[in-house]
Every structure is written in structure tokens, then in C-alpha cells.
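# Structural overview for review
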Amino acid sequence: MDRFLRESAAVAEVELIKLVRDPTEIFSRAVQPVLWLVVFGQVLAHVHGIYTGEVGYLAFITPGILAQSVLFSAIFYGIAVIWERDLGVVHKLLVSPARRSSLVFGKAVSAGFRGLVQAAVIYLLALVMHITIRQEPHAIFGVLAGVLLGSALFSTFSLIIACIVKTRERFMGIGQLLTMPMFFASNAIYPLDLMPGWLRTVAQINPLTYLVDALRGLMIVGGESVHGYAVDFTVLLVVFVVLVMVAVRLYPTLVE
Amino acid sequence: MNTTARSKGFAVQATELTRRFGNLTAVNHIDLAIPYGEIFGLLGANGAGKSTLIKMLTTLLAPTSGNAEVGGFDILKSPSEVRGRIGYVPQLLSADGALTGYENLLLSAKLYGLPRAERGVRIGEALNFMGLTDSARKLVKTYSGGMIRRLELAQAMLHRPAILFLDEPTIGLDPLARHSVWDRLRDLRRDYGMTVLITTHDMEEAEALCDEVAILHAGRVAVVGKPPELRTRLGAGASMDDVFAHYAGGGIREGGDFSNAVQTRQTARRLG
């Protein structure tokens, strides 16, 4: 266990060093949530087209947009993995005696930290837009834990896709194909109750729904977790563990 | 070859090692025995099976059939033990350009489980050995091609492996950088007793560096021997190019596929 944590920390640490040294990507990824909240959110809030109960529409979608930006930045993580494969970095990692599980987990943790930057951007934006945000430390801690877990989950999913498609071109196509349906078939920008039955079923098996649900309760004043935090976090954790197990098997096939 | 392959005490010992990709047999029943302390060259045209063989010996790729022992451990039964005893420099550039030389080495030290107390000393030693001490804190993307290769060698030697695998170590390097890599490899053998296995299709490199070579052709070992012996066997005045042309299938055969060519050119461009 000690060795697993040490190796994972080593992998995560270099990713963080790179991120701090060149944060361009993080900031460019922050543009999209700004558009969703400032443009889309404000327009829809104005027309009162979607009933979101006590909570205003803008507050309702704020956790949804955070979850979306977590998904969007994590899902393209596979591109970096393919790039590393093309460079030979993956070969070198895999020839080391470090456990495959440490390599995969270390990458997931570093993606998780990328997600935290997204969370910081959304919190700032929410403050500027006077969206009523919960400020209790345990609620903020819960949001950060959810974002960390969600980023790790979706980046590991992305790693699995990268291992299957192996080229950047194919990955770009599949990445685009997956993100939008995952986003729209979730509770990010409208409640589950408004969905037709089939879409609600899809949303119920979409991990993004559980991330949004947890964030909605933890992030905004008057927000509520429909499934309950225990269910939300358990689903996310179980899906993450399963994905890590699959990725550990597939990661070595990247260099074959 | 088979009799030697069965005797004890080899750094690398492959028996009937085979790898198929669909209908293509990239490596076809290869037997190989490389004594400890040798610099051994795997020669062959693109597509002859060199990289596939090296991937199997370094546990990156499972054989379809056959087996091998590397550093005294079975590549199938004990891949972790094998990985702890080898160093590997892929043909592609594996040093991370967004990190400094020191950070690249630190990552390797941690992944190879070097104790914290020893890391600093070993990294300092490796940097000094490869002549990179002054550039240790610079980002690797500012390094020259030869410096990157030397850094990769430093990473591969950090845990004092018994065997170093190098896939086309000097591809794309200018003559000066090439000679400096050769010198370092000889020093590694002399100072640390490392066995070095390189793949190359550069006959000058084979002649200058290798104690013994195996020429691969279409996934099989066409011949094994010391370069001077192979030349003599072919006749007075024969060069290594002649030897290669003779055993690699009657003239330099066009080999490799599109991705092979792209990969080689990319590496050459990044090093240049």
C-alpha cells in the first residue's frame, strides 16, 4: 500500500508541476463555463422556461456547469495520454517496476487536481454573479471532494478510450461524440422530473447525474440532493474503482 | 546457438520466442543467448522484428509462444523482477520536455523505488556521468538531441540495472553526439559491468560498438557472431555493409511500414 501511494504520488506530482508551469489549458477550459452561465443561464433564467422550484434557474445550473466543465476537461485527458504514448513516455513508465495501478491512479489524481481549478473558477464566477453559494467549510469540502472524484472518474474513462482507439484523430471524434450526449442526458441543466421516461432512464445510469446531484446539494443555498449524498458518492466511487480496474488492464496495451 | 541458449549465466536467453500480429509473424522462433557484460547488437532492416523482440524482452509485449529469461527471471512468470533489473531507452524520445532534467531523473528514481536518502547521490552521479550536471535545472525541451539521449541513458542507469536495452539509440543524432553516446555506453559497461543490448541498422555503429551482433531477417536470426568474424567469413575485404546485405536477404530489402517511417522521422526531427 505504501509503495502504491508513493508511486502514485510521484506520477501525480510531475503532472502538477507541468500544470503549474503551463496553466494555459486550464484557463482556456474556463471560458466555456463562463459562456454557459453568463449567456445561456441568464437567458433561460429570464424566460422562466424551466421550473426549478425554490432555487432560481441560474443557481440551479451552477453545479451542473461545474460538473460539465469537470467532464469536458477530464474527457480529453486521453489526448495527453496518446501524446505521451507517441513520445515514448508511456513505454518508459511501463518498463519501470512501478505497479500499473499506481500509474493509472496517479494520473487520475492529477486530473482530479485539474478539476479543482475549474471549481475555483465557478465559485468566483458565482460570487460575481451574486448566485447564493453555501459557504460552510464542510459544504465546500464536499464540493471539492466531489469534483476530485468526478475528474478522476472521467479522466480514467478517457484513458480507457485512449487505450482502445490509440490515435489522436479517432480520439477527437469519439470524445466529441461522448461529451454532449453525456451532458444532455444528465440533470446538469434541467431536473430529472422534466425528462421523458427513456431519457430519465439514461440519466439514471449516467455517472454525471450523481456528480451534479451531490454538487447541487452541497454548493447552492436551498439546493437539494435528490438521491442523497451517500448514494451519489457511493455510485461515483464504485464506478471509479471499476474504471481503474479496467484501465489497469488496458494501459499496457497502449505500447503493443 | 541452441546449445549455448540452454547453458546458464546469460543476461538474456530467449527460446523459440515468437510474436504474431494477425497473419504477420514479426518474430519467428528466435533463440538468443547474450552473455553478461557484452554489448550486443540486434541488426536488421525496418520490419525485421528488432523492436518487437526488444518489446518482448522488456515485458512490454507478451510473446505468442516461446519464452525468455532476462537477468535470470522469466519474462512471463516474473515480469516485475525483470523490470527491476533492466533499463530501457525506447527509440521514441521518452524524456519529458516539460520537466527539467533533474525532475525527469527524480521521477525515475521514485518509480524504481530508490530510497529517499540515496536519490540525491544517485541522480548527481548519473548527471555527472552523462555530462549533464550544468543543465540539470533546465527544461528538457531546451536540450540538444544528444543531451536528451544522454539524459535518457542517465534515467535508464539510475537504478544500476544489470541489462540496458536501447532501441536505435543514435538515430537522428549528428556524428559528434553519436560518438558521445557510444562513449557513454562503453563507460557504463566498464564502470558498472552492464550488459547492453542495442538495435540498429547502422553498420558503422555495429562495428564500432558491439562485441557481438545478430542479424535479423523476416523475424528470424539469420546469423550471430562478432563483427570481424562475420566479415572474415564472407571473404577478404568484406565490410559490415556486405555482411548485412548478405544475411538480410540478398541486398538491402525495403522493409517497414508507413507508421515505422513516420516514427523514425519524428524521432529524427525531434532530436535534430
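This structure is a prediction, so every number in the text was calculated from the model and none was measured.

### A look at the overall build of chain A
Helix and strand counts for chain A stand at 12 helices and zero strands. For chain A, the α and β elements follow one another from N to C terminus as α-α-α-α-α-α-α-α-α-α-α-α. Taking 18 Å as the expected radius of gyration for a compact globule of 256 residues, we find that chain A reaches 18 Å, a close match to that expectation. On the principal axes, the C-alpha backbone points of chain A span a range of 55 × 40 × 35 Å. Counting across all 256 residues of chain A, residues that qualify as buried make up 55%. Within chain A, contacts between residues separated by at least 24 positions form 77% of all contacts whose residues are at least 6 apart in sequence. Surface summary for chain A: the accessible area is close to 11000 Å², and the carbon and sulfur share equals 71%. Each charge class in chain A can be summarised by its mean position, and for the 18 positive and 16 negative side chains these summaries are 9 Å apart.

### Topic: the interface of chain A and chain B
With 27 residues of chain A in contact, the opposing surface of chain B contributes 29 residues. Considering only the surface of chain A that becomes buried against chain B, Lys92, Val95 and Pro97 of chain A emerge as the three largest contributors, covering 27% of it. There are three salt bridges connecting chain A and chain B. A salt bridge links Arg21 of chain A to Glu103 of chain B, with the shortest nitrogen-to-oxygen separation between them at 2.7 Å. Viewed at the interface, chain B and chain A are joined by eight residue pairs in polar contact (both at pLDDT 80 or more). Secondary-structure elements contributing two or more residues to the side of chain A that touches chain B are α1 (2-21), α5 (77-87), α6 (89-95) and α7 (100-128) of chain A. The biggest single contributor to the side of chain A that touches chain B is α1 of chain A, with nine residues. For the side of chain A that touches chain B, the class distribution of residues is 14 nonpolar, three polar and 10 charged.

### Digging into the side chain of Asn104 of chain B
Here Asn104 of chain B lies in helix α4 (residues 101-111). Aside from chain neighbours lying at most four places away, what touches Asn104 of chain B is Ala95, Asp96, Leu99, Val140, Leu151 and Gln155 of chain B.

### Here's the deal with unusual backbone geometry
Peptide bonds are, in most cases, trans, and in most cases residues other than glycine have a negative phi. Residue and element names in this part refer to chain B. The backbone of Glu16 sits at a positive phi, close to 50°, despite the residue not being glycine. Looking at the element boundaries, Glu16 is found in strand β1 (residues 10-21). Residue class for Glu16 comes out partly exposed when judged on its relative accessible area of 38%. Backbone geometry places Arg160, a non-glycine residue, at a positive phi of 50°. When you line up the elements, Arg160 lands in the loop between α6 (145-157) and β7 (163-167). When its relative accessible area of 33% is taken as the criterion, Arg160 is described as partly exposed.

What counts as what
- Note on numbering: residues in each chain are counted from 1, in written sequence order.
- Labels are handed out in written order, letters beginning with A for the chains and numbers beginning with 1 for the ligands.
- In view of the model being predicted, local features appear only for residues whose pLDDT reaches at least 70, and side-chain atom pairs are presented and counted only at 80 or more, with totals across whole chains, interfaces and linings using the full set of residues.
- No hydrogens and no water enter the side-chain calculation; it runs on all heavy atoms of the structure.
- Helix and strand assignments follow DSSP, with helices taken as H or I runs no shorter than four residues and strands as E runs no shorter than two, numbered in order from the N terminus.
- Just to be clear, the radius of gyration here is over C-alpha atoms, and the globule rule we use is 2.2 Å times residues to the power 0.38.
- Burial classes: relative accessible area under 20% of the type maximum marks a residue as buried, over 50% as exposed, and values in between as partly exposed (1.4 Å probe, protein chains only).
- Note on definitions: a residue-residue contact is assigned when non-hydrogen atoms from the two residues lie within 4.5 Å.
- Per-residue and other accessible areas were derived by the Shrake-Rupley procedure at a 1.4 Å probe size, with only the shown protein chains allowed to occlude residues.
- For the purpose of charge, His is not counted, nor are the chain termini; Lys and Arg are scored as positive and Asp and Glu as negative.
- Just so you know, the charge point we use is NZ for Lys, CZ for Arg, CG for Asp and CD for Glu.
- A 1.4 Å probe defines the accessible area here, and the buried area is the portion of it lost by two parts on being joined, summed over both.
- Counted as salt bridges are all cases of a side-chain nitrogen of Lys or Arg within 4 Å of a carboxyl oxygen of Asp or Glu.
- N or O atoms closer than or at 3.5 Å make up a polar contact, with two conditions inside protein: a donor-capable atom paired with an acceptor-capable one, and, for residues adjacent in sequence, both atoms drawn from side chains.
- Note that Gly is not counted as nonpolar here; it falls among the polar residues with everything else outside the nonpolar set of Ala, Val, Leu, Ile, Met, Phe, Trp, Tyr, Cys and Pro and the charged set of Asp, Glu, Lys and Arg.

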